[in-house]
Amino acid sequence: MTKIFTLCMVALASAMEAHASSEIVNTGAYRWSGDTVYQADFFATAPNQFEIISTYSAQPGYGFPIEKTWKLKNDISSYPQLSTPNTLHNAIYNMGLDEMVNAVEPDTTLRTGREWAGVWTRDVSYSILLSMAYLQPEASKISLMKKVTPTGVIVQDTGSGGAWPVSSDREIWTLAAYELYKVTGDKEWLKYIYPIVKKSLDDDNLTVQTESGLVKGETSFIDWREQSYPKWMQTADIYNSEALGTSIVHAQALRILAELEAEFGSKKEARAYEERADRIVKDINDKLWLDDKGYYAMYTYGRDNLIVNPRAETLGESLAILYDVASPEKIAKITESNPVTPFGAAIFFPQIADMPPYHNNSLWPWVGAYWAMANAKAKNEAGTLEAIGAVFRPAALFATNKENFVLDNGDIATELNSSNMLWCLAGNLAITHKILFGIHFEKDGLAFAPFVPKALAATRTLDNFKYRNATLDITVKGFGSEIKSFTLNGKEHKPFIPADIKGNNKIVITMADNEQAPMAVNRTPNVKAPLTPITWFEDDILHWNPIEYIGFYRVLRNGVPVADTNETTFTTTLPGEYQVIGISADGVQSFASEPRSNRLKIITQIPDESTSFLSPEISYMPKKEIKGYNGNGFVEIDRSTQPLNVDFDVPSDGKYSIKIRYANGNGPVNTENKCAIRTISVDGNRAGIVVMPHRGVGNWSDWGNSNSLLVPLKAGRHSLTIDFRPENNNMNINTNHALIDQIIVEQL
């Protein structure tokens, strides 16, 4: 039976190939020709606009469901109807609508994926921004309302070490909520979101935005710490890092809040929010732009001396283009420089060699859709085509909108995966609506700016597109980036439809068939970076383990290179924070090693057993079962305990780092929401926030360090206070709780 099916499929593919139009995309790993996608011995084709048939077989032993066919199951007639000469494009689009209907739950929320029930803040928000705002406005609204805490702030529902503030990209909710307003024009919705956005961003200002501008916390959506950070980094280190994508999200959220504040609050405060956004953008360009590479660095990391991780991160690069963080010159350079493998742009590049595929070594189609939109904005025709192909290839071959794919071979054998994935189907649909039809929602209307690569030149129609009180039938003819003619109901019109349009309307856009100036695509094989060195001090000698296939090692002191060497030792008497980076013969860098310090260290032991205490919150846990603390005791803190006051002495004037040795067994390292947060003051002056993330469920004997605060101090005695303030509320609200063993002060 299988042999007969395969022979029929081969015959079908031959027939499709014979009638196919010219080749659209060919990367060497796969090709899209006419109505068929080919990869090695496999292919997928669309016999009609409501069916996809694939011969693909995933690698043996893969444990999740694999679809070979898709056939339309739901009534999609109430949604925009695409008609294009390319049947495969029609079918992929219709599959997106079909799976979108599957994603609407009985309670009118948007399900994350077939395997993943419920509403997750970042998943639903990116999906709303891509296409759910206008295709599912009511479900989008209800889903967003589900992601607000009882205290009126945006929920950070996933992330390392207890969610917020280790993960801090919850402000993507703000962008999605405002997009929904642009779609609907509902002023009552604006009034609803205004206090939520304001309170959330005000808390974030105190907790995650740095004085210079960049935002602390995990890279947006990449929330499995070991998948994108070096293994030595604790979750407190991730909180202390500063990510490109998360910073851009905050900058755009602040611009939205400035608009809301100007309408409902104070124009003076509106200007202050706009200035905060400008500060973030400036800091991104000052600290993260890598001129030699032509893109932004993924994040800064380290401890007291942050350095950049020079990896490219595709979502962050895309957001920088789409939200005008990058200048026009940088926009073009990014699309020509961001590495693109044969299967598409990676989540980040290069890969981590000793991590399995998920965020690492992976392509996610919804990120690919953002990359396609960014290339279209840059008018990079080749880049846009390959980005579209990277989304359409897996949709066709797997006959569903899967979540992610192995970058080495295009397969789905990643750590976790799901069919009918919300943000991936949303990205699939956005490619058609936002690129090929060029539909963009503004506060006061609908703007049109199609970008049609020449290989996709055609006459396309999109009928029954709903916009507020109007229904639009839209036709786009030809190719190019410039509009030759735009007619509304037969009359010439500017390519903008006012928000008060009503009834049935016909739009015809004739493109100028203008050739695009050639732009490059940084096509590259998939690359694995060298492993991370492990370092240690013995007296005045810094040691590290040898790394295979290394060209040389770079030694850093306080974040600055001080030596390149082929040895595995470095002798120094200078105090500082030292790291080592392995660099391959072709210039690919490893992560920097864990910082090792030979600086003066002042340790203040928390009061001894006679004055330490256990709060009622964990009175069930016998103290004798807690091990690993220093001295005679520790202090337990929760929301109800009084401020903790500690005195310490420093020997000379200078800058010092202050951190806390703590234990938090309230949750696992990778998720949940009980990260402990406190405010530290020195001599009565607020020094900043320390976070004490989860270290494992019930793991009260696993001690680690919080993030460090850098504080200028005069020689002599100082008073330090650790207290709980309203902005220290975590996502759990009730449990904000840790054990504290020591205060560690180091002279920089």
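See above for the structure.
What comes next concerns the included structure.

Cut-offs used in this document
- Residues numbered from 1 in each chain as written.
- Predicted model: local features only at pLDDT ≥ 70, side-chain atom pairs only at ≥ 80, totals over all residues.
- Heavy atoms only, no water.
- Pairing = 2+ DSSP bridges.
- Helix = DSSP H or I, 4+ residues; strand = E, 2+ residues; numbered from the N terminus.
- Contact = heavy atoms within 4.5 Å.
- Core = buried A, V, L, I, M, F, W, Y, C linked by side-chain atoms within 4.5 Å.
- Buried < 20%, exposed > 50% of the residue type's maximum accessible area, 1.4 Å probe, protein only.
- Salt bridge = Lys/Arg side-chain N within 4 Å of Asp/Glu carboxyl O.
- Polar contact = N/O pair within 3.5 Å; in protein donor to acceptor, adjacent residues only side chain to side chain.

Re the pairing of strand β22 (residues 483-488)
As paired strands, β22 and strand β25 (residues 503-511) are joined by five bridges and run antiparallel to one another. Among the inter-strand pairings, Thr-487 is bridged to a residue of β25, identified as Val-508. Judged from the two bridges that link them, β22 and strand β23 (residues 491-492) form a sheet pairing that is antiparallel. The residue bridging Thr-487 from the neighbouring strand is Glu-492, located in β23. Here β22 folds back onto β23, and the loop between the two strands holds two residues, one of which, Asn-489, carries a positive phi near 55°.

A look at the environment of Leu-748
Relative to the elements of secondary structure, Leu-748 occurs in the segment after β43 (738-747). Distance in space between the C-alpha atoms of Leu-748 and Val-711 is 9.8 Å, their sequence separation being 37 residues. When residues no more than four places from it in sequence are discounted, the contact partners of Leu-748 are Asp-304, Arg-599, Lys-655, Tyr-656, Ser-657 and Leu-710.

Overview of the environment of Gly-159
Mapped onto the fold, Gly-159 is located in the loop between α4 (137-146) and α5 (172-184). As for Gly-159 and Phe-552, which are separated by 393 residues in sequence, their C-alpha atoms are 35 Å apart. Beyond its immediate chain neighbours, meaning those up to four positions away, Gly-159 contacts Ser-167, Glu-218, Asp-223, Asn-670, Thr-671 and Glu-672.

Some points on the nonpolar core
Judged by nonpolar contacts, the single largest core of 187 residues is most densely connected at Tyr-126, Met-132, Tyr-296, Trp-366 and Ile-474. The residues touching Ile-474, leaving out its near neighbours within four places in the chain, are Phe-437, Ile-439, Phe-448, Arg-460, Thr-461, Leu-462, Asp-463, Phe-465, Ile-507 and Ile-509.

Some details on the pattern of salt bridges
A full pass over the atoms with the stated rule returns 36 salt bridges. Measuring nitrogen to oxygen at the nearest pair gives 2.9 Å for the salt bridge that ties Asp-278 to Arg-255. Of this pair, Asp-278 sits in helix α10 (residues 267-288) while Arg-255 sits in helix α9 (residues 244-264), and the two are 23 residues apart along the sequence. When its relative accessible area of 38% is taken as the criterion, Asp-278 is described as partly exposed. With a closest N to O distance of 2.4 Å, Asp-741 and Arg-661 form a salt bridge. A residue pair is termed long-range when its members are at least 10 positions apart, and Asp-741 in strand β43 and Arg-661 in strand β37 (residues 654-663) qualify at 80 residues. The same class applies to Asp-741 and to Arg-661, which are both buried. A single salt-bridge network, built from bridges that share partners, covers Asp-237, Arg-303, Glu-594 and Arg-596.

Some words on helix α11 (residues 314-322)
Counting buried residues along α11, eight of its nine residues qualify, which places the element largely inside the surrounding structure. Measuring from the backbone nitrogen of Leu-315 back to the side-chain oxygen at the start of α11 gives 3.1 Å, which picks out Glu-313 as the cap. Just beyond α11, the residue with positive phi is Asp-324, at close to 60°.

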